Amino acid sequence: MFRRFSVDFAILSMFIDAGLTLAALHLAVLLRPALPRSLPGIHSLETVHLPFHLYLIAPLLWVLVLLVVSVYDPRYNLHAADEFQRASFGVLLAALGFAGLLYLTVREVSRWLFLTFVLLDLLLLLGWRAVARLAWRISKAPPARRPVLIIGAGELGQRVAGLIREYAWTGLQLVGYLDDDLGKRECGLPVLGTLDDGARVVREYGVEDVVIALPRRAHERLNGLVATLHELPVRIWVVPDYFDLALYRASVEEFAGILMINLRAPALNDYQRLVKRLFDLVVGGILTLLLLPVMGVVALAVKLDSPGPVLFRQLRVGENGRLFTMYKFRSMVVNAEALQEQVNEVRPDGCIIHKKPDDPRVTRVGRFIRRYSLDELPQLFNVLKGEMSLVGPRPELPWLVERYEPWQRKRFAVPQGITGWWQVNGRSDKPMHLHTEDDLFYIQNYSLWLDILILWKTVWVVLRGKGAY
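Chemist: Would you mind going over the packing of helix H3 (residues 80–104) against helix H4 (residues 111–139) with me for this structure?
Modeler: Axis angle and axis distance: for two packed helices, these are the angle between their axes and the distance between the axes, and together they describe the pair. Across the interface, H3 lies against H4 with an axial gap of 10 Å and an inter-helix angle of 155°. Judged by the inter-axis angle, H3 sits roughly antiparallel to H4. For the crossing formed where H3 meets H4, the hand is right-handed. Listed contacts from H4 to Ala80, Glu83, Phe84, Ala87, Ser88, Val91, Ala95, Phe98, Ala99 and Leu102 of H3 are Phe114, Phe117, Val118, Asp121, Leu122, Leu125, Leu126, Arg129, Ala130 and Arg133. Of the residues belonging to the contact of H3 with H4, the class tally is 15 nonpolar, one polar and four charged.

The structure is reproduced here in structure tokens:
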């Protein structure tokens, strides 16, 4: 039986990808006569023939490229969005390599045939992965069990346990902790012994992975513990006691010839930032052109409804704390900001609620355009200017940022967006102090596919008009 995330399944995936790539190439050849010629007025081609060696090279090239970009590495394919992004990137690289090969060898292959082949191949390779994930979800086949032992039952160990539980569907199974304080019983897991009992517990429970989550003051015990565990067939993972900084995607890099942990690696690498900006420019530009008539109607309605400017300009905090002017259609009375203190509500825990469903400052037209987020449309110009992104944490008001706790400021590690993970999971129903975790989730799990998913969900959230006021 092939288990997901196993070596056998990775090998099977290679054969499936090779077979589907071969099928896509052959299907593109069969479809080519039905496609138009490059020049108008010329009849369709008769039967198309490709050299036999191309049918051998294409599948091998595709599998090799997908292997290089880690499509078959289960560590990078836990989430569907990550797997589809890697597979799409791999197909693009393989297509570029195949195009170069054709240019140097068989230059008579038509562009229509090549584009048809690449498109079919992409659809087939993503399609079978989607079907496989759906089949596993329906069958609920149990994954291979991987017992995990956590060294350290303190706060760091408990937080690690919580994260591991989120991946229980991959087969990870917590057996307990080791801690010199035998009186601890944290997170429903027992303390199975002291640090000196590591070898015994690993053998007794068949542990495959040991996660060392000790505070800095206990790191003097680390050398002896690791030396003992290295005698056993287990994987050993060390979690630095800098948990809060992990949100910045700490990376291992070479510095002066020494491998070091970079605790301030950017949330988005250069490639991700390039792709995100190109996506914003292309999609944002198209949306701006399509929505210009709608903006004109909204602007006219705002102007006729109440005195004052059509656009509302407000200073907001953007990426890395930079201030910028955000645009919105005015949905409140002109002196709304001067009346802010009358609306603010301080909760018993000290958190401020600055938005209410019955805000008296909102105009008649404003209530409608806020319900369906039409007031946000001018922010497309912020996106085109590079001050915002289509997707990202919401840009916050400076006076609210001053009240942020240090961990909440990590939401400014990426470009701020018109919509985001928070907006599609609650909108205004979840105020600032309750949605920061959603923003940090987005930062930790960023991918182009996640942006596309959020934009898709935004359409349905906006149409329902729920949670917006």
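Chemist: I would appreciate a short explanation of the packing of aromatic side chains in the present structure.
Modeler: To describe a pair of aromatic rings, you give the distance between the ring centres and the angle between the ring planes. Taken as a whole and assessed by the stated rule, the structure comprises nine aromatic pairs. Ring plane angle 20° and centroid distance 6.4 Å describe the contact between Phe98 and Phe114, whose orientation is recorded as stacked. Separated by 16 residues along the polypeptide, Phe98 in helix H3 and Phe114 in helix H4 bring together distant segments of the chain. Given a relative accessible area of 17%, Phe114 falls into the buried group. Both rings, one in Phe98 and one in Phe117, keep their centres 5.6 Å apart while their planes meet at 65°; by these two values the pair is edge-to-face.

Chemist: Help me out: how do you make sense of the pattern of salt bridges in this one?
Modeler: Where side chains of opposite charge bring their charged atoms close, a pairing between them can arise. Tallied over the full model, the rule gives 17 salt bridges. Two residues, Arg273 and Glu319, come together in a salt bridge whose shortest N-O distance is 2.9 Å. With Arg273 in helix H8 (residues 270–305) and Glu319 in the loop between strand S9 (311–317) and strand S10 (323–329), this pair connects stretches of sequence that are 46 residues apart. Here Arg273 falls in the partly exposed class, since its relative accessible area comes to 32%. Judged by relative accessible area, Glu319 falls into the buried class, the value being 10%. The shortest N-O distance in the salt bridge between Asp439 and Arg411 comes to 2.8 Å. Taken together, the positions of Asp439 in helix H13 (residues 432–444) and Arg411 in the loop between helix H12 (398–401) and strand S14 (417–419) put the pair 28 residues apart, joining distant regions of the chain. On the accessibility criterion, Asp439 (1% relative accessible area) is buried.

Chemist: Explain unusual backbone geometry here, please?
Modeler: One non-glycine residue, Ser70, adopts positive backbone phi at about 65°. Within the secondary structure, Ser70 sits in the loop between helix H2 (52–68) and H3.

Chemist: I keep staring at the packing of H2 against H3 and nothing clicks. Help me out?
Modeler: Following both chains from N to C, one finds H2 and H3 inclined at 140°, their axes separated by 9 Å at the closest point. Judged by the angle between their axes, H2 and H3 are oblique. Crossing hand, H2 versus H3: right-handed. Across the interface between the two elements, Leu54, Ile57, Ala58, Leu61, Trp62, Val65 and Leu66 from H2 touch Ala87, Gly90, Val91, Leu93, Ala94, Ala95, Gly97, Phe98, Leu101 and Leu102 from H3. Among the residues making up the contact of H2 with H3, the classes are represented as 15 nonpolar, two polar and no charged.

Chemist: Can you walk me through the pairing of S10 in this structure?
Modeler: In terms of burial, S10 is largely enclosed, as five of its seven residues are buried. Two elements, S9 and S10, share seven bridges in a ladder whose sense is antiparallel. In the strand pairing of S10, Leu315 is matched with Thr325. The turn joining S9 and S10, which pair antiparallel and follow one another in sequence, is formed by five residues; a positive phi near 60° is taken by Asn320.

Chemist: Hey, could you run me through a nonpolar patch on the surface in this one?
Modeler: Residues Leu281, Val282, Ile286, Leu289, Leu290, Leu292, Phe381 and Leu384 make up a contiguous nonpolar surface patch of about 730 Å² in total accessible area. Put simply, the parts of the chain that give the nonpolar patch at least two residues each are H8 and helix H11 (379–385). The greatest single-element share of the nonpolar patch, amounting to six residues, is contributed by H8. For Val282, the position within the fold is in helix H8.

What counts, and at which threshold
Residues numbered from 1 in each chain as written. Predicted model: local features only at pLDDT ≥ 70, side-chain atom pairs only at ≥ 80, totals over all residues. Heavy atoms only, no water. Axes fitted to C-alpha atoms, helices over the stretch in contact; angles between N-to-C directions. Helix = DSSP H or I, 4+ residues; strand = E, 2+ residues; numbered from the N terminus. Parallel < 35°, antiparallel > 145°, perpendicular 65-115°, else oblique. Left-handed = near helix turned anticlockwise from the far one by under 90°. Contact = heavy atoms within 4.5 Å. Nonpolar A, V, L, I, M, F, W, Y, C, P; charged D, E, K, R; others polar. Phe/Tyr/Trp six-rings, centres within 6.5 Å; stacked < 30°, edge-to-face > 60°. Buried < 20%, exposed > 50% of the residue type's maximum accessible area, 1.4 Å probe, protein only. Salt bridge = Lys/Arg side-chain N within 4 Å of Asp/Glu carboxyl O. Pairing = 2+ DSSP bridges. Patch = residues over 30% accessible without salt bridge, like charges linked within 9 Å, V, L, I, M, F, W, Y side chains within 5 Å. Areas by Shrake-Rupley, 256 points an atom, 1.4 Å probe, with all protein chains shown as cover.

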